[in-house]
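# Commentary on secondary and tertiary structure
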Amino acid sequence: MNDAVVTCRIEVGTDHPAFAGHFPGRPVLPGVALLAEVLEAAASDPRLAAAVGAAPRLGVVKIDADRA
């Protein structure tokens, strides 16, 4: 599965508790909340769950400035 491309749509409601206090009027979802959503999505798909294992870890997480 290393070469697989997986697309998943994650919708985060404007009432998500992570938005509280994060720039009122221009809310920003904290990265840790986004990563939690991604891990939950991966855990809900049997193929992805098998690929990431029971205790997935992220060694490095960053945005590629050329792709942002």
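Residues numbered from 1 in each chain as written. Predicted model: local features only at pLDDT ≥ 70, side-chain atom pairs only at ≥ 80, totals over all residues. Heavy atoms only, no water.

## Observations concerning the overall build of the protein
- Counting its regular elements, the protein contains 2 helices and 0 strands.
- For the protein, the accessible area works out to roughly 6,000 Å², and carbon and sulfur atoms hold 56% of it. (Helix = DSSP H or I, 4+ residues; strand = E, 2+ residues; numbered from the N terminus. Areas by Shrake-Rupley, 256 points an atom, 1.4 Å probe, with all protein chains shown as cover.)

## Some words on a nonpolar patch on the surface
- On the surface, a nonpolar cluster with roughly 220 Å² of combined accessible area is contributed by Ile10, Leu34 and Val38.
- With respect to the helices and strands, the residue Val38 is situated in helix 1 (residues 31-44). (Patch = residues over 30% accessible without salt bridge, like charges linked within 9 Å, V, L, I, M, F, W, Y side chains within 5 Å. Salt bridge = Lys/Arg side-chain N within 4 Å of Asp/Glu carboxyl O.)

## Points about the pattern of salt bridges
- Applying the stated rule across the entire model yields 2 salt bridges.
- Of the charged contacts in the structure, one is a salt bridge between Glu11 and Arg9, with a shortest N-O distance of 2.9 Å.
- You can call Glu11 exposed: its relative accessible area is 62%. (Buried < 20%, exposed > 50% of the residue type's maximum accessible area, 1.4 Å probe, protein only.)

## Considerations on helix 1
- For helix 1, with 14 residues, the first-to-last C-alpha span of 20 Å sits near the 20 Å given by 1.5 Å per residue.
- If you check which residues of helix 1 are buried, you get Ala33, Ala41 and Ala42.
- Close packing links the buried residues of helix 1 with helix 2 (46-52). (Expected span 1.5 Å × (residues − 1). Contact = heavy atoms within 4.5 Å.)

## Things to note about the environment of Pro17
- If you trace the backbone, Pro17 turns up in the segment before helix 1.
- Given a relative accessible area of 65%, Pro17 falls into the exposed group.
- With 16 residues separating them in the primary sequence, Pro17 and Ala33 have C-alpha atoms 9.6 Å apart.

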